[in-house]
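Examining the three-dimensional arrangement
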Amino acid sequence: MRPVPHATSLRRAPVQRRSAERLARILDACAELLDEVGYDDLSTRAVAERAGVPIGSVYRFFGNKRQMADALAQRNLERFSERVTERLGATGDRGWRHAMDAVLGEYLHMKRTAPGFSLVDFGNQIPVGARRSEPNHRVAGRLTDLLSLHLGRDPDDDLRRTFLIAVETADALVHLAFRMAPEGDEKVIGELREMLRAYLAHVLD
């Protein structure tokens, strides 16, 4: 079964498999409609119709579309983390540069292929979530926990700050790349990769 968002983003967490599958359909429908109509024209009723569930099923999990978008962003982060872990597990320990390429490569892949991702991302593109859980802090924290073990590094404050700066940099330049070209301007992405390698080298080498 595909991962569902952390319970804190839901009015009620799914307990049974059937309920979890219904939630997944709701989020899939939300993602598709975001690509088709945008966030402003997204409605809970349209999501219910697309998902093939009663409107009450949507309100069982979400009070409004903002909560639904935040849950989609959290699911994106869960899937991103799982896929990065799979990439690193499949190739073994090949150093931090390879790990960085795996992280950036998976982010670009989701940016190009995941429904709704261009608007929701991990929560950066529309005003979702609470200020105390700013998306880039969430992503940086998850990557620190994930990569510190893989790299054999202590996830201390210095490493967390380093990854936060790297995430903020990548976020800004990836969005620039996709404003310049539908699939992401390769020259901007190349410059981003070089910047990240130069910056991370002084901490990770």
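In short, a report on the structure. (Residues numbered from 1 in each chain as written. Predicted model: local features only at pLDDT ≥ 70, side-chain atom pairs only at ≥ 80, totals over all residues. Heavy atoms only, no water.)

Turning to helix 2 (residues 44-51), its buried residues number three or more, namely T44, V47, A48 and A51. Taken down its axis, helix 2 places every buried residue within 100 degrees of arc, on the same side. Residues of helix 2 that are exposed and point over 90 degrees away from its buried face: R45 and E49. The inward-facing, buried residues of helix 2 abut helix 1 (17-37), helix 3 (55-61) and helix 4 (65-91). Positioned one or two residues after helix 2, G52 has a phi angle of 75 degrees, which is positive. (Buried < 20%, exposed > 50% of the residue type's maximum accessible area, 1.4 Å probe, protein only. Helix = DSSP H or I, 4+ residues; strand = E, 2+ residues; numbered from the N terminus. Arc of directions from axis to C-beta. Contact = heavy atoms within 4.5 Å.)

Bringing empty space enclosed by the protein into the picture now. Using the criterion set out here, one finds 1 cavity of 30 Å³ or more in the structure. Estimated volume of the largest cavity: approximately 320 Å³. Elements represented by at least two residues in the lining of the largest cavity include exactly helix 5 (96-113), helix 7 (135-151), helix 8 (157-180) and helix 9 (186-204). Sorting elements by how many residues they give to the lining of the largest cavity places helix 5 first, with 6 residues. When grouped by side-chain class, the residues that make up the lining of the largest cavity number 19 nonpolar, 2 polar and 2 charged. (1 Å grid on protein atoms, 1.4 Å probe; cavity = no way out; pocket = protein on both sides within 12 Å on 5 of 7 lines; lining within 4 Å. Points joined across faces, edges and corners; volume = space filled by probe spheres on them. Nonpolar A, V, L, I, M, F, W, Y, C, P; charged D, E, K, R; others polar.)

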